[in-house]
Amino acid sequence: MKIFLILLAAVFLLGIAPFMTLALILYSVLLVRTSPEKWGRSCSAPDDAISVAMFEEGVAWAKEHAEAKKEVSIRNDGFRLAGEYFDFGYDRAVIIIPGRMESLLYSYYFAEPYRAAGWNVLVTDQRAHGLSDGKINSVGTKEYRDTLAWAEYLHEAFGVGKVFLHGVCIGSSNALYAATSPDCPEYICGMAGEGMYTTFCETFKNHMIKGGRKPFPMLWGVMLCIRIFSGSNVVTDGPLYRIEKMKKPVLFLHSREDIYSKPEVSAEIFEKCAAPHRVVWFDRGEHSRIRIVDREKYDRSIRDFLSDEGL
C-alpha cells in the first residue's frame, strides 16, 4: 500500500501537476484579465492590418456621430459595466456584443447598418474588458446576464420598445444565451450572429490547431479550468445545445473561409434552429472579418432581415 501511494504521488508530481500548471497558465493568458491594460480600449491586434483598419474605421464612425453619444453605465452581478449609447431619436436599439479581447470601440465597426436602418446603437465593454469591472471571461455563459441587464436599462431609461442583439464570435453565443434565457423579455425581438460556433471547446480546439499545437491533452486542461473558475461546462453546452430553445428571429452571418467556426460544423446549429431564421453565406472572409470583405452584402443582409421580419 505504501509503495502504491508513493507511485501515485510520483505520477501526480511528475505528470498531472505540471500539466495542470501549464493549462492554468494558458487559461490565464486567454481568459483572465491580469491588468487594466489587458483587453483595454485599444486595438487588440495592432500588428494586424485588417484589425487596425476595422478599428480605425469604427472609431471614425463614432467621431462622426459624437453628438448622439451618451456615456452610460449599469451595475449587474456586482460589476460596474460601461457603455456608450448612440441615440438617434428612434424607439428601437441594437446592442452590439463583441468577441474575446475586444472593448466597445471594436463594436463601432458594426454599427452603421443599424443606424442606416433606423436603430439607436448601444456598444458595451463586456465584464473584464475596457472600463468595465471583472477579471474572468466566461465566454458568454455569465456575460449574457449583463446583456439582459443592458436591454432592461434601454427599455426603462430610454423608453426603447424593441431591442435587437448583434453578436460577433463569442458575442453571438452571448446573444443566443440571452435570447433563449427564461428571463428574456418580449422587447428583445431577435438577434444576428456572426461566426457562431457550436461550443467554445470546438472553436478553441480549432484555434490550437491553427496555432500549430496539438489539442490533446492541453485542450481538456483548459476546459477544466473554465469549469472550475467560471462554473461553466463549455464542452457539452453551447449554441448547438441552446438553439432549439430559440423562439425569436435569427440572422446567421457566416463565412465559408471561417477556420475557427467551421462552416460544416456550424451548419448543425442552423439546421436545428426552429425559430424564423436566415443564413447568409459569404464566400470570403476570415472569422469575425466578413464585413470588411463584403460590406455591401453584409449591411444589406441586416437591413433586409430587419425589414422582412417586421422589426
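Residues numbered from 1 in each chain as written. Predicted model: local features only at pLDDT ≥ 70, side-chain atom pairs only at ≥ 80, totals over all residues. Heavy atoms only, no water.

## Quick notes on the nonpolar core
- Counting 54 residues, the largest nonpolar core has Tyr114, Phe164, Phe200, Phe204 and Met223 as the members making the most contacts within it.
- Among the elements that line this core, the one with the most residues is helix H8 (residues 218–230), at 6 residues.
- The next biggest cluster of nonpolar side chains, apart from the first, holds 37 residues, and it includes Leu148, Val160, Ala178 and Cys184. (Core = buried A, V, L, I, M, F, W, Y, C linked by side-chain atoms within 4.5 Å. Buried < 20%, exposed > 50% of the residue type's maximum accessible area, 1.4 Å probe, protein only. Helix = DSSP H or I, 4+ residues; strand = E, 2+ residues; numbered from the N terminus.)

## Examining the environment of aspartate 48
- Structurally, aspartate 48 is set in the loop between helix H1 (2–31) and helix H2 (49–64).
- Overall, the relative accessible area of 25% leaves aspartate 48 in the partly exposed class.
- Side chain to side chain, aspartate 48 and arginine 289 meet in a polar contact 2.7 Å long. (Polar contact = N/O pair within 3.5 Å; in protein donor to acceptor, adjacent residues only side chain to side chain.)

## Comments concerning the pairing of strand S6 (residues 188–194)
- Taken across its 7 residues, S6 has 7 buried, putting it largely inside the fold.
- As judged from the 6 bridges shared by strand S5 (residues 162–168) and S6, these two strands associate in the parallel manner. For glycine 167, the partnering residue across the bridge sits in S6 and is glycine 193.
- As for the winding sense of the linkage, the β-α-β connection from S5 through helix H6 (residues 170–179) to S6 is right-handed. (Pairing = 2+ DSSP bridges. Right-handed = clockwise from strand over helix to strand, strands pointing away.)

## Some points on the sheet that holds S6
- With mixed pairing, 8 strands are arranged side by side in an open sheet as S1-S2-S4-S3-S5-S6-S7-S8. The open sheet has two edge strands, strand S1 (69–76) and strand S8 (277–282), and neither has a second partner. Geometrically, the sheet is characterised by an average inter-axis angle of 20° between neighbouring strands, direction not taken into account.
- Of the strand pairs in this sheet, strand S3 (residues 92–97) and S5 are connected by 6 bridges, and their pairing is parallel. (Axes fitted to C-alpha atoms, helices over the stretch in contact; angles between N-to-C directions.)

## What to know about the side chain of histidine 65
- Within the secondary structure, histidine 65 sits in the loop between H2 and S1.
- For histidine 65, a relative accessible area of 9% puts it in the buried group.

## What about the side chain of lysine 142?
- When you line up the elements, lysine 142 lands in the loop between strand S4 (120–124) and helix H5 (144–158).
- No salt bridge is formed by the buried lysine 142; its nearest oppositely charged neighbour, glutamate 143, is found at 7.6 Å.
- At 3.2 Å, the side chain of lysine 142 and the side chain of serine 232 are in polar contact.
- With near-sequence residues (within four places) excluded, lysine 142 lies in contact with Arg127, Ser230, Gly231 and Ser232. (Lys, Arg positive; Asp, Glu negative; His and termini not counted. Salt bridge = Lys/Arg side-chain N within 4 Å of Asp/Glu carboxyl O. Contact = heavy atoms within 4.5 Å.)

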